[in-house]
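Now for the letters of each chain:
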Amino acid sequence: MTRPVQIIRPPSFSLWAMGEHLTRLVQCRDLLYTLTLHRISVRYKQSVLGYFWAVLNPVLLLAIYTIIFSRLVNVPTHGVPYAIFAFSALLPWTFFSSGLSGATIGLPAHLNLMSKVYFPREILPLSYVLAAFLDFLIASVVLAALMLYYGFRLTTSALWVIPAMLTLAVFLTGVALFTSALQARFRDIGVAMPLLLQLWMFATPVVYARASVPQGLRHLYDLNPLVAIVETFRGALLNGASPDRLLLAECLAISILVAVVSYAWFKHLEATLIDVI
Amino acid sequence: MFDIEFRNVSKRYARRTLDPPEEPQRSRWKNLFRCREHKSDFWALRDISFHVERGEALGIIGHNGAGKSTIVKLLSRITAPTAGEIRISGRLSSLIEVSSGFHEELTGRENVYLSGVTFGMSRKEVFAKLPGILEFSGIGDFIDVPVKRYSSGMWLRLGFSIAAHLNPDILLLDEVLAVGDVPFQWKCLDHIQQLRKSGRTIVFISHDLAAVERLCDRALLLSHGRLVCEGRPQEVTLEYQRSTSLVSEPPVRARGLSRKIECTRFSCEAPNRTDGSPVRPGEPMIVRVDYIAHETMADVVFNVYLYWPSGYLCTQLTTGVAGTLVAKGSGRVEFYCPVVGLRPGIFLVDVAAERYPEVIDWRHRCATLRVDEGPVVLGDIHMPHEHSILTGSGESVREPEMILLDP
């Protein structure tokens, strides 16, 4: 019987060890799976409505937005009912924001566990990302119901939601790894996060359309990767439109770059994370 | 064949200390935005090299802050070394800390899954081992109750039961033997012995010198991050005991003590042995406490308290409740025990000067007392006794007088 031999050395920064890290992560997939499930089941423990909250939350939020932005302020939606206009963008946005805010506080929240046993630490932020994705899937049911109600028909371009969500997931993972490692050392990140997310949401066409942004600002505006993702998602479902492929590809490239660099950085910090947390 | 190898391992921590809250000479504005932290380096381990062979049980002992926990952290990969290299061959897991990863809102069963996979099992493995874990823990119906409703004992027992089923190649024991009630402790010890017999490699980190001697083949002594000595457990614990016999450690209960009399030194000697070896059960012992009296005091009582390694008071040497007059200046109290009644092992020592109800000086756990293997005995204490064997019948054996209740 051969035993696995581990060699522990002082940490060093390297992009090339990525393969090794990923293999290790795959070996620990059961932990990621279990933590993700618990993330969700813990959230609704000792609540009367339980999993129903996963649906109730977005619906209530949607009701508020609809009242504010279609009754009080008249946001142009180009003929699409406001409720479905907003919800089709809220869905990917909520995945992003709840994944990011969860993952950011993920490491300090598990200090106890981290100081007792080793596992790839990225599993903690990743489990929040995955849990947010499960919430996204549950809330999608509401979107489907809304689409049925308003009589929207899906076309083949609806398949564009898949690359859009993939890009979003990669981007979210990258940002989440970055903020969670930063939060471990500087708690300022977690404190600033709600404000940051609020700003980010208004810099993303969630409650309004990208077409409403003045032409002169577009260039700057489109630097936000979420613009292309949310627009693609909404356009593909509601208008049967094909996305701006160049923009989406650019966005994917940026996301991959962000994810790779912040993963390498995270792994570099990971080895002595517990000393500074 | 080495299972664990440390090669010139060092670990440095950046010790961050916060400034005191206000510095009056600075403006308030500066106080708000200044950098609040000072960094200074602290070497928890310095150039440590050792190895553990396959199937060996290694004990690591040392004072608080000697670097024991750092070794545990490095071995379990919780943190990385600053320099050097560690090689571990095989699956390593530590035996006790499992329950600290529990999530209070989850049920026992859910936590078994969570902890199981955290410590490296697959979900399938956990499922297969679940009945065994439940039985070992003795938790019963509580398994489907959120663990926040558990008593602390149940919490620990469930944790230990998971750990016991991890089935590692190398077992890391870090101050484990204080879990649960006595029957459960026996269960744990039994389990460890079984693992030992099955050829597992064990690293045992403890303050309990007696347990180290019982369990280990070899021991290391650490002091201030350096390896001081290495060898047979008996020799190493003796060395450890020598290094502590001087009263130097800052006392825990220093606050409120007047210290008009200071206890400065504790020593212990077996007068019938010239080689300076430790005392043995059934033989005489002399215990000395040196003191400095800063003023003359009446009714002073000197006490030496001996504790079991578990922390329970075992016995006491005292100059008597009434107390004596102590003149200003330095002096020595000598206790003579004609027959040592302690069983072999290591005892923790407190030395105190008191004037009831006031405590003048109290040196908490300032030394250890070692009692070597002697001619005796099983059980907790040695009762001095003599015996004679009477043979034959008739007049040489006197029948005890019987009291008959009914005529």
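Residues numbered from 1 in each chain as written. Chains lettered and ligands numbered in written order. Predicted model: local features only at pLDDT ≥ 70, side-chain atom pairs only at ≥ 80, totals over all residues.

Enquirer: Would you mind showing me how to read the nonpolar core here?
Expert: Generally speaking, soluble globular proteins have nonpolar side chains that are buried together. Counting 92 residues, the largest nonpolar core has Ala86(A) and Leu172(A) as the members making the most contacts within it. Among the elements that make up this core, the one with the highest residue count is helix 4 (residues 82-109) of chain A (14 residues). Ignoring any residue separated from it by four or fewer positions in sequence, one finds Ala86(A) in contact with Leu62(A), Tyr65(A), Thr66(A), Phe69(A), Val206(A) and Val207(A). Formed by 72 residues, the second largest nonpolar core is a distinct cluster that contains Phe204(B), Leu227(B), Tyr240(B) and Ile360(B). (Core = buried A, V, L, I, M, F, W, Y, C linked by C-beta atoms within 7 Å. Buried ≥ 20, exposed ≤ 12 C-beta atoms within 10 Å, placed from the backbone. Helix = DSSP H or I, 4+ residues; strand = E, 2+ residues; numbered from the N terminus. Contact = placed C-beta atoms within 7 Å.)

Enquirer: Where do I start with unusual backbone geometry in this structure?
Expert: What you tend to see is this: most non-glycine residues have negative phi, and most peptide bonds are trans. Residues and elements named next belong to chain B. Here the residue pair Tyr356 and Pro357 is connected by a cis peptide bond, since its omega of 0 degrees sits within 30 degrees of zero. Mapped onto the secondary structure, Pro357 falls in the loop between strand 16 (345-355) and strand 17 (358-371). The phi dihedral of Asn167 is positive, around 60 degrees, even though this residue is not glycine. Of note, Asn167 is situated in the loop between helix 5 (152-164) and strand 6 (170-174). Since 14 C-beta atoms lie within 10 Å of it, Asn167 is described here as partly exposed. For His224, which is not glycine, the phi dihedral falls at a positive 50 degrees.

Enquirer: Even after reading the chapter, I still don't get helix 3 (residues 52-72) of chain A, so can you show me in this structure?
Expert: Residues and elements named next belong to chain A. End to end, helix 3 covers 29 Å across 21 residues, agreeing with the expected 30 Å (1.5 Å per residue, within 8%). Residues of helix 3 that are buried include every one of Ala54, Pro58, Leu62 and Tyr65, and no others. Those residues of helix 3 that are buried lie in contact with helix 4 and helix 6 (123-150). (Expected span 1.5 Å × (residues − 1).)

Enquirer: Hey, could you run me through helix 6 of chain A in this one?
Expert: Counting along an α-helix, one turn takes 3.6 residues, and residues three or four places apart therefore face a common direction. Relative to the 40 Å expected for 28 residues at 1.5 Å per residue, helix 6 of chain A spans 40 Å between its end C-alpha atoms, a close match to the ideal helical length. Just downstream of helix 6 of chain A lies Gly151(A), where phi reads positive at about 75 degrees.

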